[in-house]
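Okay, here's what each chain looks like letter by letter:
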Amino acid sequence: SFSPKWHLGTFRAMAQRAERNQHMYAHVNVREQCAWAHRHDKPNASEKAGSLVRSGVARAALGKPLDNFRVETVTAVLVIGAGVAGLRAAIALSDLGLSVHLVERAAQVGGRVRTLGKLFPSGRPGGEIIASLRERLDGRENVVVYTNAELVEKSGSAGRFEVKVRSGDNTFSLNVGAIVAATGFDPYAPQPGEFGHGLPSVVTLAQFNEMLTASQGHLRVGDRDVRSIVYIYCVGSRQAEGNTYCSRYCCTAGVHAAIQAHEIDPTIAQYHCYRDMRTYGKNELLYEEARHKGSNFVRFAENEPPVVERDGEGLLVRVHDELSGGDEIEIPADLVVLVTGMVASSNERLQNLLKLPTGAGGFFNEIHLKLRPVETMVDGVFIAGASQAPKNLAESVASSLAATATCAAMLLKGYLDRAPLVAKVDPETCEWCDACVQACPYDGTIMKAEYEGKEVAEVRAELCKGCGACATICPSASIDVAGYTNAQVTAMIDALAAEVTI
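We now turn to the structure provided with this report. These figures come from a predicted structure and were not determined experimentally.

1. Side note on the packing of aromatic side chains
Logical step 1: In this structure the tally under the stated criterion is seven aromatic pairs.
Logical step 2: Ring geometry for F185 and Y249: centres 6.5 Å apart, planes at 55°, overall tilted. Placement of F185 in strand β9 (residues 185-187) and of Y249 in the loop between β13 (228-235) and α7 (250-264) is noted, with a sequence separation of 64 residues between them. Here the two residues F185 and Y249 agree in accessibility, since each one is buried.
Logical step 3: Each ring, one from Y245 and one from F363, has its centre 5.5 Å from the other, and the planes form 80°; the classification is edge-to-face. Remark: F363 occurs in the loop between α9 (348-354) and β21 (381-383) and Y245 occurs in the loop between β13 and α7; sequence separation between them is 118 residues.
Logical step 4: Taken together, the ring pairs connect Y274, Y287 and F297 into an aromatic cluster.
Logical step 5: Here the guanidinium or amino end of R59 rests over the ring plane of Y484, the centre of that ring lying 3.9 Å away.
Logical step 6: Positioned above the aromatic ring of Y415 is the side chain of R70, whose terminal nitrogen or guanidinium carbon lies 3.7 Å from the ring centre.

2. A short note on a nonpolar patch on the surface
Logical step 1: Residues Y484, V489 and I493 make up a contiguous nonpolar surface patch of about 260 Å² in total accessible area.
Logical step 2: Structurally, Y484 can be placed in the loop between β26 (479-481) and α13 (486-497).

3. A closer look at the pairing of strand β17 (residues 314-321)
On any regular strand, side chains alternate: one points to one face of the sheet, the next to the other face.
Logical step 1: Here β17 lies mainly inside the structure; six of its eight residues are buried.
Logical step 2: Strand direction decides the pairing type here: strand β16 (residues 307-311) and β17, joined by five bridges, are antiparallel. By the bridge assignment for β17, V307 is matched with R318.
Logical step 3: Where β16 hands over to β17, the hairpin turn is made up of two residues, of which G312 adopts a positive phi near 65°.
Logical step 4: Here β17 pairs with strand β18 (residues 327-333) via seven bridges, running antiparallel. Bridged to D321 within β18 is D327.
Logical step 5: In this structure, the hairpin formed by β17 and β18 is closed by a connection of five residues, where G325 is found at a positive phi of approximately 85°.

Conventions we followed
Residues numbered from 1 in each chain as written. Predicted model: local features only at pLDDT ≥ 70, side-chain atom pairs only at ≥ 80, totals over all residues. Heavy atoms only, no water. Phe/Tyr/Trp six-rings, centres within 6.5 Å; stacked < 30°, edge-to-face > 60°. Helix = DSSP H or I, 4+ residues; strand = E, 2+ residues; numbered from the N terminus. Buried < 20%, exposed > 50% of the residue type's maximum accessible area, 1.4 Å probe, protein only. Lys NZ or Arg CZ within 6 Å of the ring centre and 35° of its normal. Patch = residues over 30% accessible without salt bridge, like charges linked within 9 Å, V, L, I, M, F, W, Y side chains within 5 Å. Areas by Shrake-Rupley, 256 points an atom, 1.4 Å probe, with all protein chains shown as cover. Salt bridge = Lys/Arg side-chain N within 4 Å of Asp/Glu carboxyl O. Pairing = 2+ DSSP bridges.

Structure (structure tokens):
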């Protein structure tokens, strides 16, 4: 009644405690593959369960004791991206005694936070926060920072990666045990005409934050003082088609910007047009503060978004206010701020190089949101910060520290025990046709070798994932996957096909 995806290790450990070889254990998935799939057909579900158990018995009967093999690890980590998540991961990894190579493709570290003004709840400017993190890195002998640099090649496996980094005109090789991808996000770029984008005095939230930082006590558009501001939320997020996800941080960032505008000039009229306000947790304090300072909140329906029009030298925003019964109201505005969300950072080359899977929004996917929140399907490669999903600063740091802890747990003991369920070639029958190399999805796993004067295939066990792609395509049946040999698979099929009356 337990999924092998999460509990196979539990029962293998039980077999070891019973002084049996853990790889002689066969797990039959009666729950997902039978009980849940056939809820309304119990008699046939029971018959199918019996067949599945018979196939498991047939596989186990032909099993052979297998032993894990050990790979020595390199106690160094490659961190890609030197924003807040990457910098914080580098500091924590260094504190734990691991060497860190921090690679940033921009000319300066700090990512997008470096350009931000005052941040909640500390009130410190983003540049000051980045400077303090960089100061903590300076002088550490086990941390090297590369700017204007990018990863251009990766080989090896968890514990022993060989990577190449290009910095300017120089390319150099590094040996690392793990990789942390903290590549951040890109702000959503509104389409021409989207909520008036392209009209004078229609700006994105990032542009408005720059205006606040440079205001020096006066908010101005051109040669005019700003007397009214309209914020439009969910720009680039929660779309019917496209970015269907919620970027989560935008509501908090929008009301925080409004508070700063109130502090610059308390007489500015501010209107927030929103679908749903999501200033969750302690961020709700910002929402309350914005309301008390005089911000007005106007809720619109998904199918009736605000319309922004030119009105003389200014702008006019038409919106149906659900809080007042759906009446259309007109709001004159000197400035319209499009509260834009996050989109996945554009770096297809890196994604293909690391072979990281992505979700519908283009962000990197973890194995399991709760159980393995920073691990990926590529062993030894971890994700952190907003490269994984839209996050605020605190959430980005939390995920980077989670990635740090997972890296340290893997590398600090100096070795990795790998399961022996990998492909193996019989050199007696192999005739080297290259079909297995073409079928293998993991570059460099299968190589040409020589055996008794002839060319044969050879599998690098430390790179093999045991997927069986090579075994299924081998024309001479010279490849077996340990624990799932051809004989075992054939026996399982025969057991499933046997007619047995319950």
